[in-house]
Amino acid sequence: MSNSQKNDREKVDLSIVIPVFNEEENLHDLYSRLTDALSKLKESYEIIFIDDGSTDLSFEILRKMAQTHTNIHAIRFRRNFGQTAAMSAGFDYACGEVIVPMDADLQNDPFDVERLLEKLDDGYDIVSGWRANRQDGFFLRRIPSILANRLISWMTGVYLHDFGCTLKAYRREILENINLYGELHRFIPAFAKLIGARMAEIKVRHHPRARGKSKYGISRTIRVILDLITVKFLMSYSTRPIQIFGLFGLIFFLSGICICGYLSIGKLFFPAGVESGILSYLYAATGERGFSLIERMPMLILGVLLLFTGIQFITMGLIGELVIRTYHESQKKPIYVIRDII
Ligand code: UDP
Ligand code: MG
């Protein structure tokens, strides 16, 4: 997104960012409920719709809205890039001091925005919506979601009840410091913790999806778990990869050295072989002498394997260190984030 595109527009207090993927039946209702809710606010606002490659009439509806209302903007992707990409485009385009993403299907309630803003004014950088009374299927959606939220809280140290709820309020500085990839939008609070954001949570309303279809199923849970591994790694080791890879590398390498050392000493000083005990056990157990290499020398193989994996892990850590330097230095991206300078 070019900066001039943004600078032409006026600064506003609040940007609502709404990803839209085949939601033609919901857009008119959404618009009228949104304007009812937002016109009561004292803050100036804009609404940014991102059409994530819809194949229905969604964009035609959005085009008309944007042409008739100056505070509505419609962005259209060339194809379906996913909800995270859509939100990310909206965040990049938004001019508001506060940015509030929301679903297009009216499952979130526009009348909750006011309460999010009030809470934000108490001195927070993020106020997270919590769908305490979630209106989605119990077994396929709510149970996996409860478990996933517990797991994410535990792994990231960010204690929220509902990472998946799109309706949250963010101060723009926070989002400016976060780059989203894959499906990482639900992990924004975790990344925000890394840059020292102050966070609060409030309960928000949640309605059943009245029209259109949900775009997700149970398979999302697995993808969330995989993403969590990335997030955990980035949170803990992204500026010091050698410390995690190197640790495993050293443990493996040293165990390998011990085992190989033990075998070498046996070979040199005890000609019968130190593992003759194991061999005779194997002979007795099978009554045969024709063992494969792996049966005859389990310790040797384990030792050599550990040596090599150890070296590989350490090398991976070193490559990681190079990558992280390229990442920070090529973008002149500091490894810290400043709140105020006085
Ligand atoms: N969405 C999107 N791109 C996608 C999938 C979904 O922009 O690839 C939008 C969708 O239109 C909706 C929001 O993301 O506004 C949440 O999607 P959905 O309601 O299907 O998710 P659920 O509420 O079932 O978790
Ligand atoms: Mg929905």
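As the structure is a computational prediction, the values presented were derived from the model and not from experiment. (Residues numbered from 1 in each chain as written. Chains lettered and ligands numbered in written order. Predicted model: local features only at pLDDT ≥ 70, side-chain atom pairs only at ≥ 80, totals over all residues. Heavy atoms only, no water.)

## Notes on the overall build of the protein chain
Spelled out, the test is: For helices the rule is a DSSP run of H or I covering at least 4 residues; for strands it is a run of E covering at least 2, with both sets numbered from the N terminus onward. The buried label applies to any residue whose accessible area, calculated with a 1.4 Å probe on protein chains only, is under 20% of its type's maximum; exposed applies above 50%, and partly exposed to all values in between. Residues count as neighbours in contact if any of their non-hydrogen atoms are within 4.5 Å of one another. Surface accessibility in these figures is a Shrake-Rupley result with a 1.4 Å probe; residues are shielded only by whichever protein chains are displayed. When charges are tallied, Lys and Arg are placed among the positive residues and Asp and Glu among the negative ones, while His and the ends of the chain are skipped. A charge is said to be at NZ when it belongs to Lys, at CZ for Arg, at CG for Asp and at CD for Glu.
In terms of regular secondary structure, the protein chain is built from 13 helices and seven strands. A principal-axis box enclosing the C-alpha atoms of the protein chain has dimensions of 90 × 50 × 40 Å. Here the protein chain, with 342 residues, has 43% of them falling under the buried criterion. Considering only contacts in the protein chain between residues 6 or more positions apart, those separated by 24 or more positions represent 80%. Summing over all exposed atoms, the protein chain offers an accessible surface of approximately 19,100 Å²; the carbon and sulfur share of this is 60%. The average position of the 41 basic charges and that of the 38 acidic charges among the side chains of the protein chain differ by 5 Å.

## Digging into the site of ligand 1
Heads up, the rule is: Proximity is defined per residue: if any heavy atom of the residue lies within 4 Å of a molecule or strand, that residue is considered near it. Any N or O atom pair separated by 3.5 Å or less is treated as a polar contact, with the protein-specific requirement of one donor-capable and one acceptor-capable atom, and with residues adjacent in sequence counted only for side-chain atom pairs. Residue polarity follows a fixed list, in which Ala, Val, Leu, Ile, Met, Phe, Trp, Tyr, Cys and Pro are nonpolar, Asp, Glu, Lys and Arg are charged, and the others, Gly among them, are polar.
Neighbouring ligand 1 are 18 residues, the closest being Glu23, Asp52, Asp105, Ser214 and Lys215. In this structure, a nitrogen atom belonging to ligand 1 sits 2.6 Å away from a side-chain N or O atom of Asp52. Within the side chain of Arg220, an N or O atom sits 3.2 Å from an oxygen atom of ligand 1. For ligand 1, whose accessible area on its own is 530 Å², the fraction buried by protein is 96%. For the shell around ligand 1, a count of residues per class yields five nonpolar, five polar and eight charged.

## Observations regarding a nonpolar patch on the surface
To keep things clear, this is the line we draw: The patch calculation keeps residues exceeding 30% relative accessible area without a salt bridge and links them within 9 Å when they carry like charges or within 5 Å when they are nonpolar (Val, Leu, Ile, Met, Phe, Trp, Tyr). When a carboxyl oxygen of Asp or Glu is within 4 Å of a side-chain nitrogen of Lys or Arg, the pair counts as a salt bridge.
Together, Phe138, Phe139, Leu140, Ile143, Leu147 and Ile218 line one region of the surface with nonpolar side chains, adding up to about 620 Å² of accessible area. Among the structural elements, Ile143 can be located in helix α6 (residues 138–156). Exposure remark for Ile143: the relative accessible area of 32% places this residue in the partly exposed category.

## Here's the deal with the coordination of the magnesium ion (ligand 2)
Selection rule: In this description, a donor is an N, O or S atom within 2.8 Å of the metal centre, a cutoff extended to 3.2 Å for sodium, potassium and calcium. Water is not part of the atom list, which can make sites seem incomplete.
Those donors, Asp105 (OD) and Gln107 (OE1), are the protein atoms that reach the magnesium ion (ligand 2), and they lie 1.9 Å from it. Asp105 gets classed as buried once you look at its relative accessible area, which sits at 5%.

## Considerations on the pairing of strand β3 (residues 72–76)
For clarity, the threshold we go by: Strand pairing follows a simple DSSP-based rule, namely that at least 2 bridges must link the two strands. Handedness is read with the strands pointing away from the viewer; a crossover is right-handed when the path from the first strand over the helix to the second is clockwise.
As paired elements, strand β2 (residues 45–51) and β3 share five bridges and run parallel to each other. Each residue of the ladder has a partner; that of Ile50, found in β3, is Ile75. Following the chain from β2 across helix α3 (residues 58–68) to the adjacent parallel β3, one finds a crossover that is right-handed.

## A few points about the packing of aromatic side chains
Here the distance between the centres and the angle between the planes together describe a pair of aromatic rings. For the record, the criterion: Two rings from Phe, Tyr or Trp (for Trp, the six-membered ring) form a pair when their centres are within 6.5 Å of each other. A pair whose planes differ by under 30 degrees is stacked, one over 60 is edge-to-face, and the rest are tilted. By definition here, charges over rings are those cases where NZ of Lys or CZ of Arg is within 6 Å of the ring centre and within 35 degrees of the ring normal.
Under the counting rule described, the total for this entry stands at nine aromatic pairs. Arranged with centres 6.3 Å apart and planes meeting at 35°, the rings of Phe245 and Phe313 form a pair that is tilted. Taken together, the residues span a long stretch of sequence, with Phe245 in helix α10 (residues 241–269) and Phe313 in helix α13 (residues 298–330) at a distance of 68 residues. Look at Phe248 and Phe252: their rings are 6.4 Å apart centre to centre, the planes differ by 55°, and that puts the pair in the tilted class. Taken together, the positions of Phe248 and Phe252, both in helix α10 and four residues apart, correspond to about one turn of that helix. Overall, Phe248 belongs to the partly exposed group, its relative accessible area being 38%. You can call Phe252 partly exposed: its relative accessible area is 25%. Among the aromatic residues, those joined into a ring-pair cluster are Phe233, Tyr237, Phe245, Phe248, Phe252 and Phe313. Sitting over the face of the ring of Phe81, Arg79 holds its NZ or CZ atom 4.0 Å from the ring centroid. The side chain of Lys203 reaches across the aromatic face of Trp130, ending 5.1 Å from its centre.

## Description of the pattern of salt bridges
This structure, assessed with the given rule, holds 20 salt bridges. Residue Arg209 pairs with Glu23 through a salt bridge whose shortest N-O separation is 2.9 Å. Highlighted residues: Arg209 in the loop between β7 (199–203) and α9 (219–237) and Glu23 in the loop between β1 (12–20) and α2 (27–39), separated in sequence by 186 residues. Between Asp29 and Arg211 there is a salt bridge, with the nearest N and O atoms lying 2.4 Å from each other. Of this pair, Asp29 sits in helix α2 while Arg211 sits in the loop between β7 and α9, placing them 182 residues apart in sequence. Under the relative-accessibility criterion, Arg211 is labelled partly exposed at 32%.

## Section: the sheet that holds strand β6 (residues 168–171)
Rules: Axis definition: a line fit to C-alpha positions, over the contact stretch in the case of helices; interaxial angles, taken between N-to-C directions, run 0 to 180 degrees.
Across the sheet, seven strands lie side by side as β3-β2-β1-β4-β6-β5-β7; this open sheet has mixed pairing. The open sheet terminates on both sides in strands that have one partner only, identified here as β3 and β7. With direction set aside, neighbouring strand axes in the sheet form an average angle of 20°. Relative to β7, strand β5 (residues 126–130) runs parallel, the two sharing five bridges. Residue pairing in the sheet places Ser128 in a bridge with Glu201 of β7. The strands that α3 touches are β1, β2 and β3; relative to β3, the one it contacts most, it runs at about 145°.

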